[in-house]
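Residues per chain, in single letters:
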Amino acid sequence: MLDPVTAFLIVIALVAFLLVAGAHIGVSLGLGGLLGMYLSIGPDAALAQLATVPFSTTNSFTLAVIPLFILMGSLATQAGLTSELYTAAYNWVSRLPGGLAMTTTIASAAFGAASGSTIVNAAVFTRMAMPEMTKLGYSKRLSAGAIAASGTLAAMIPPSVLMVIYAIITEQSVGLLLMAGLVPGILTALVFLIGIYVMVRRKPEIAPVPRDPIPMSEKIGSLKNVWGIVVLFTLVIGGIYGGFFVPTYAGAVGAFGAFVIVVLKRRAKGPVMAETFRDAVVTSATIFTVIIGGMLFARFLTYTGLVSTVSETVLAFGLPPFAYLLAFALLFLVLGMFIEPIAIMIMTLPVMFPVMTEVGYDPVWLGVIAVKMAEISLITPPVGLNVYVVRSASPVPLQLGDVFSGVAPFILMEGLILILLILFPEIVTFLPSMAQ
Amino acid sequence: QEFRLNWGHYLSNGPFLQVEQEFIDAVEERSEGRVEFNVVYSGGLGSGGELLTLAGRGAIDMAAVVPGYYADQLLFAKALQIPFVFDSPREAIKVAEYSYAEIPAFQEELKTLRVRRLFHQPLGSYYMAGADDSCATLEGIKGKKVRTFGSDIPLMMDAVGAVPQSVPAGDQYEALERGTLDYAFVNMGNIEAYRLYEPGPNMCGPALSMAGHMVVIGERAWQRLPQDIQDIISDEAAKAQQRYVEWVDESEAAAAERVKAAGANVTTYSAEQLATWQAAAPDLLAKWVEELKGRGRGEEAVATAAKWRELTAD
Amino acid sequence: MLATTQRFIERLAFLTVLLGGLGLLISMFLGMGDVVGSLFDNPLPGALEVTESTMVLIVFGGLAYAQIRQRHLRVELAYLKAGPKMRSVMDIIASLSGVTFFCLMVWQGFNEALFSYTISEATSGLVRFPLYPARFALVLGASLLVVQLVFDLVRDIVNFGVDKDFELG
Ligand code: NA
Ligand code: NA
């Protein structure tokens, strides 16, 4: 049997090789974990863990919230909530400086209250907003940047798959974490709006104003259409907040609510409905592949005892808490350049979470920070999932480079928000603390 | 060290695992460091439902196994968790010790699964804890939502007209506070640990005593160990078993005192009340015998139940 | 030949996704039903157990279809920069690693499923819900993915170095 450190180095080399070669992230992590257990404990350990992990990970009531939240977002899209939100936001803010970018930000944030997936948000609003902005003469960079960045709001504003995964890895209350994301999510949207305003004020030519003003009656009229999102949000968050049900049931209730809205709006056509469910199933399958692989990888790390050794060593430096926070953020940022956020959480949290809580950081607050870092990783080059999604969903030709330079100012804003959350942790903690 | 034993635990580490920690310390010390335990808590090496498989296949060396999680594999061991069979944790452990020494079926089922039993965790007796004191009478429990788990405790609650609810252990406080649950149903140690006496200061019991998890060592890990170390482990396991019972009695009593000092009101059920309750419930031990008959193990189950009734008769 | 095989696998994958969708629908209704039932002190027995089993159906039902639609999460950085030959090499590595991982999973999962069937493994609550169907669903879903991955592998080898469409997201 190899000693843990040697085994770990071999495993890391394998995982890095597979990831760069473009193997599935879950497969890379899973094979790495299996090889590690094979080398350091023996073939039986590796195979027995492979025998139990995939089933016990999926046959789980707690994790059932993930497909249900995904379904809720897909159904809400099918119900046309996205276009209604977009129209309402358009009617109210489109004539402000950068109004169309603001429209997207507001609509995407609002839709985040029904959708747990940043990818869905980015794709839907690219298709909706990109042609409109191009027609009006908006700079492609601003348009694509605003869409890609505000798409990430879905990860912070509850419901959120990422938040659920953080809660499960760190054994925190899913309900509290979901609530904790609400205020930081809204704050992020506000900062984006201000940022857009400032950018456009400095360079008005990047965002022309639509010619015709919109009559007040139409503005108010479009508000009537946003009831769907209000109902869904109230059901899910009200249900958790009021302690009526556990998050898995919040997922079921939210999905059911969206389902009813689809039916009421007479959009429940067989083929479209099948497509919606199929899409939710496929998305869940891809997420769980990563989770299963990540679990096997984590089991290997647990066997070696490296996690506790590293945590203890790092803590033994006795640095001020802030230094650990900085290390946490940097680690996330660097990994986030290349790897998808669920995998980053599964890989880093087992080591970083005990360290961070030991030096005194609040676990719920840390969840928001982790999700914020994940949001950033979705738009940082060279691998930013949301940037790719905007590029590939755009009906208007777009260069990847345009989107990346478009999100650059938003990454700066995200950094600013991160600082705010660190300086004023109450932004995060006051809402969940009221629920306790 | 020569032998590093990976021990998968489904519970998080805490003071209630003190006796198991003492067992670890004693073995490490007496083996003069040749044995080292790598205990991983909170399911880090495998969740509660995986540990038995993992230990049996040699993926981990030791495990804390809850028999109730393996109702189709630990046919005999799970009987140690049947309500209304034991009067106290001490009695549950006495019967467990007897069964593993004298009734071959108990050892045999573990042998098939390739693990060996070292000792059992005795669970402190269960009390109901709720906002009002209607649990003091069996009439009062009627219609109340009580937290249950497994398949037998719901039947026990059903017998007095209570509504069994499945609520995760960690959610009991909130559930009591919001009224989604009228009574939690756990031992004093957990009433204190989860601060259930705050939303549920009225407690009634003890209503249920049973054995908890079983600490097992995989057959392969065991065979790997030399005789002298096996002897140390067996010897310390026996000591741990004795100490565990004393410790549970002491710590549960202490927890009860602290909970009372915090303003809780504890009603003790009379022997009559418990007998009435038991009479209202189906004979769960007999039900277990029926189940095992269906699985072709009727003869051994009948003999076991008869012996147990003899051992637990007062 | 390749096209016919692909159509056949695709049909099977479509069927398993459909089953997954059905599972999702069931867990949605069950969850809702249990919430409403609990409000009237009448929770749905077995809602939790069935939801757990449908989860396996959802995840493993979607695996193969996700592969066909290139939806599995990968790090595309190097892939995007690579030329057609390098891309083929990378595709082969990706398929091979997937085949290895999921073959092992199928092997181990099958043993578990068989054992579960032999002992009539069921959930331990008041409702004894059998577990072996979900365990076999895992094996079937993962097997179908293996078939698709092997198919992809063959195609990558046959079309080595040929530029192909690559859709992100
Ligand atoms: Na969201
Ligand atoms: Na990135």
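Residues numbered from 1 in each chain as written. Chains lettered and ligands numbered in written order. Predicted model: local features only at pLDDT ≥ 70, side-chain atom pairs only at ≥ 80, totals over all residues. Heavy atoms only, no water.

Concerning the interface of chain C and chain A
Each partner contributes to the interface: chain C provides 57 residues, whereas chain A provides 59 residues. Note on chain C versus chain A: buried area summed over both sides is about 5300 Å², and carbon and sulfur give 79% of it. Sorting the residues of chain C by area buried against chain A places Leu-73, Val-75 and Phe-101 of chain C first, and these three jointly supply 14% of that buried surface. Asp-279 of chain A is paired through a salt bridge with Arg-71 of chain C; the nearest N and O atoms lie 3.1 Å apart. Here chain C is connected to chain A by eight residue pairs in polar contact (both at pLDDT 80 or more). Contributing elements (two or more residues each) for the side of chain C that touches chain A: α1 (2-39), α2 (47-68), α3 (77-81), α4 (84-118) and α5 (132-158) of chain C. The greatest single-element share of the side of chain C that touches chain A, amounting to 16 residues, is contributed by α2 of chain C. (Contact = heavy atoms within 4.5 Å. Buried area = accessible area lost by both parts, 1.4 Å probe. Salt bridge = Lys/Arg side-chain N within 4 Å of Asp/Glu carboxyl O. Polar contact = N/O pair within 3.5 Å; in protein donor to acceptor, adjacent residues only side chain to side chain. Helix = DSSP H or I, 4+ residues; strand = E, 2+ residues; numbered from the N terminus.)

Topic: the coordination of the sodium ion (ligand 1)
The expected angle between donors at a tetrahedral four-coordinate metal is 109.5 degrees. At an octahedral six-coordinate metal it is 90 or 180 degrees. Residues and elements named next belong to chain A. Summarising the metal site, the sodium ion (ligand 1) is bound by the protein donors Gly-112 (O), Ser-115 (O), Ala-154 (O), Ile-157 (O) and Pro-159 (O), whose distances to it range over 2.3 to 2.5 Å. Summarised as a motif, the one-chain spacing of the donors to the sodium ion (ligand 1) is G-x2-S-x38-A-x2-I-x1-P. Pair noted here: Ser-115 is in the loop between α6 (99-111) and α7 (118-136) and Ala-154 is in helix α9 (residues 153-156), with a separation of 39 residues, a long-range link. Owing to a relative accessible area of 1%, Ser-115 belongs among the buried residues under this scheme. (Donors = N, O, S within 2.8 Å, 3.2 Å for Na, K, Ca; no water. Buried < 20%, exposed > 50% of the residue type's maximum accessible area, 1.4 Å probe, protein only.)

Some details on the interface of chain A and chain B
Reports often express the size of an interface as the amount of accessible area lost when the parts come together. Chain A puts 21 residues into the contact, and the matching count from chain B is 20 residues. Of the roughly 1500 Å² buried at the junction of chain A and chain B (both faces included), carbon and sulfur atoms supply 47%. Contact with chain B buries area across many residues of chain A, yet Arg-299, Thr-302 and Tyr-303 of chain A alone supply 31% of it, more than any other trio. Viewed at the interface, chain B and chain A are joined by two salt bridges. The shortest N-O distance in the salt bridge between Glu-50 of chain B and Arg-299 of chain A comes to 3.0 Å. Inspection of the chain A/chain B interface yields eight residue pairs in polar contact (both at pLDDT 80 or more). Of all elements in the fold, only α3 (43-58) and α16 (270-304) of chain A reach the threshold of two or more residues within the side of chain A that touches chain B. Broken down by element, the side of chain A that touches chain B gets its largest block of residues, nine residues, from α3 of chain A. Taken together, the residues of the side of chain A that touches chain B sort by class into 10 nonpolar, eight polar and three charged. (Nonpolar A, V, L, I, M, F, W, Y, C, P; charged D, E, K, R; others polar.)

Here's the deal with the pairing of strand β9 (residues 202-208) of chain B
Residues and elements named next belong to chain B. With six of its seven residues buried, β9 lies for the most part within the structure. Bridge count between β9 and strand β11 (residues 265-268): four bridges; the pairing is parallel. Looking at β11, one finds that Met-203 is bridged to Val-266. (Pairing = 2+ DSSP bridges.)

A few points about the packing of aromatic side chains
Evaluated as defined, the whole model comprises 31 aromatic pairs over all chains. With centroids separated by 5.7 Å and ring planes inclined at 55 degrees, the aromatic side chains of Phe-86 of chain B and Trp-308 of chain B adopt a geometry described as tilted. Placement of Phe-86 of chain B in the loop between β3 (62-65) and α3 (89-102) and of Trp-308 of chain B in helix α13 (residues 298-312) is noted, with a sequence separation of 222 residues between them. Residue Phe-86 of chain B is classed as buried on the basis of its relative accessible area of 5%. Ring plane angle 80 degrees and centroid distance 5.1 Å describe the contact between Phe-101 of chain C and Phe-102 of chain C, whose orientation is recorded as edge-to-face. For the residue pair Phe-101 of chain C and Phe-102 of chain C, the accessibility class agrees, reading buried in each case. Among the aromatic side chains, those forming a connected cluster through ring pairs are Trp-7, Phe-23, Phe-37, Phe-119, Tyr-244 and Trp-247 of chain B. One residue, Lys-219 of chain A, lies across the ring of Trp-92 of chain A, its end atom 5.5 Å from the ring centre. (Phe/Tyr/Trp six-rings, centres within 6.5 Å; stacked < 30°, edge-to-face > 60°. Lys NZ or Arg CZ within 6 Å of the ring centre and 35° of its normal.)

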